[in-house]
Structure formats: structure tokens, C-alpha cells
Amino acid sequence: METLKTLLSKVRDCQACAHVLPLGPRPILQVAVTARILIASQAPGTKAHHSGVPFRDASGNRLREWLEVSTDEFYDTRNFAIIPIGLCYPGRLPNGGDAPPRPECAPLWRKKLLAHLPDVRLTLLVGAHSQAAALGRGLMTSRVRGFRDHLPAIFPLPHPSWRTKHWAEGNPWFDTDVLPSLRAAVRCALT
Ligand code: SF4
């Protein structure tokens, strides 16, 4: 198997779907062989594209609050790897929503990247696209509510975008039942 350094160099040079990326290729990920928790997210947004750092935005703040981890813990590669299903910003849909992750990306890179994470104890499936890639088709809300079916290795979550605030208001069990269990699973995986 090639080294992680070689693989990351190839990922950063990838141009496979450059012709359809509105801002061009810029893979955004955080990977180290030491990681204990994998955040399987969807695709970077414009802020991550410009900064080069995943989740350094309001969604990231919400995700860290859900996980009950500090910013330093979150970006410590001994703790977390962050690998979206689509590694580059995919653009927006005509209706203004985020475009889905590019379909070319996961078949090219995902399996190779995950092979360099031997110590991962918990995978957080963040958002419907991530859940579909790992578990097949299904309803995001049902999966999150049934999170116990996937423990101890997998924890399905909604995407922590501003829209989720309204979703959580309509699904109060997320705060009362899911988040305490999520925080316990994260602490268990990190210690
Ligand atoms: S989204 Fe993935 S496949 Fe497309 S250019 Fe970026 S790294 Fe390559």
C-alpha cells in the first residue's frame, strides 16, 4: 500500500471533475493514522474551500457543540479524521441549495483514504449523503432516531447546517436522547 503522504499528494493533484467544479479542485480533508473518530461528512462549503480548513464555520461550531469537544480537540489529528464523501466544493443547485458531493470522488479516493485509518473506533455519518454512501438509501431522520441500531462503530447525524436548528425544534428527542449518547460515544472513543 502506498504511504499516506503519497496518497494525499495524489488527492491534492486530482483533476477528475475539475470541469464541473465552480471554484476548481481543492480537496478539503484532515487525515492521520492516529485518528480515533472519523467524521464522514458530505462536501466542503465555500468557507472551507477558501480557508482550506474543514468546519471552521457556524456548522463546525454546531458540530463541536453536539460532540462536546473544543476546537483544539477537534483539529487534533490524534482525535479526529475528517473525510467528506466529495472532497471538493461541488457548487450550488439552481434552487440555491448545496449541490450533492461529486459522484466521481468516493470511488476514486474513499477506500484508499480509509485504509490509512487503522485506529478508528467510531464513524460519524454526518448528513444524508454520507449515510447513503455507508448504509444505502434511507430516511435521515429515522436513522438518527434509531442511532442505537448502529452503535458502537457508527453514529448517524444530521448535517449541522443552520437548517438543522429548525429540524431539531421539530424533533426534540435529538437534544434529549441523541446528544447525550453521542457525547458518551465520543468520550469513549477518545479515551
Ligand atoms: S471532488 Fe474529488 S474527484 Fe473531483 S477533483 Fe476533487 S478530489 Fe478529484
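Here the structure is a predicted model, which is why all the values come from computation and not from measurement.

Some details on the site of the ligand
Close to the ligand lie Cys14, Ala16, Cys17, Leu21, Cys88, Cys105, Leu108 and Trp109. Across the shell around the ligand, the residue classes break down as 8 nonpolar, no polar and no charged.

Considering the pattern of salt bridges
If you walk through the whole model with that rule in mind, you get 7 salt bridges. One salt bridge in this structure joins Glu2 and Lys10, with 2.7 Å as the shortest N-O distance. Glu2 gets classed as partly exposed once you look at its relative accessible area, which sits at 25%. The class for Lys10 is partly exposed, based on a relative accessible area of 42%. The partner of Asp98 in a salt bridge is Arg92, and the shortest N-O contact between them spans 2.9 Å.

With respect to the packing of helix 1 (residues 4-12) against helix 5 (residues 105-114)
Look at helix 1 against helix 5: their axes get within 11 Å of each other, and the N-to-C directions meet at 160 degrees. Taken together, helix 1 and helix 5 sit at an angle that is classed as roughly antiparallel. Both helix 1 and helix 5 take part in a crossing whose hand is left-handed. Side by side, helix 1 and helix 5 meet where Leu7, Leu8, Lys10 and Val11 of the first sit next to Trp109, Lys112 and Leu113 of the second. Its residues assigned to classes, the contact of helix 1 with helix 5 shows 5 nonpolar, no polar and 2 charged.

A few points about unusual backbone geometry
Glycine aside, residues mostly have negative phi, and peptide bonds are mostly found in the trans state. Following Leu151, the chain continues into Pro152 via a peptide bond in cis, with omega recorded as 10 degrees. Its location among the elements puts Pro152 in the loop between helix 7 (140-145) and strand 4 (154-157). Non-glycine residue Phe55 carries a positive phi angle of around 60 degrees. By the secondary structure assignment, Phe55 is in the loop between helix 2 (46-51) and helix 3 (58-67). Residue Phe55 is classed as buried on the basis of its relative accessible area of 10%.

Focus on the packing of aromatic side chains
Tallied over the full model, the rule gives 7 aromatic pairs. The interplanar angle of 75 degrees and the centroid separation of 5.0 Å between the aromatic rings of Trp66 and Phe174 together place this pair among those described as edge-to-face. Pair noted here: Trp66 is in helix 3 and Phe174 is in helix 9 (residues 173-190), with a separation of 108 residues, a long-range link. Comparing Trp66 with Phe174 shows no difference in burial state: the two are buried. When the centroid spacing of 5.0 Å and the interplanar angle of 90 degrees are considered together, the rings of Phe74 and Tyr75 count as edge-to-face. The residues Phe74 and Tyr75 share a single accessibility class, namely buried. Among the aromatic side chains, those forming a connected cluster through ring pairs are Phe55, Phe74, Tyr75 and Phe80.

Thresholds, definitions, all that
- Residues numbered from 1 in each chain as written.
- Predicted model: local features only at pLDDT ≥ 70, side-chain atom pairs only at ≥ 80, totals over all residues.
- Heavy atoms only, no water.
- Near = heavy atom within 4 Å.
- Nonpolar A, V, L, I, M, F, W, Y, C, P; charged D, E, K, R; others polar.
- Salt bridge = Lys/Arg side-chain N within 4 Å of Asp/Glu carboxyl O.
- Buried < 20%, exposed > 50% of the residue type's maximum accessible area, 1.4 Å probe, protein only.
- Axes fitted to C-alpha atoms, helices over the stretch in contact; angles between N-to-C directions.
- Helix = DSSP H or I, 4+ residues; strand = E, 2+ residues; numbered from the N terminus.
- Parallel < 35°, antiparallel > 145°, perpendicular 65-115°, else oblique.
- Left-handed = near helix turned anticlockwise from the far one by under 90°.
- Contact = heavy atoms within 4.5 Å.
- Phe/Tyr/Trp six-rings, centres within 6.5 Å; stacked < 30°, edge-to-face > 60°.

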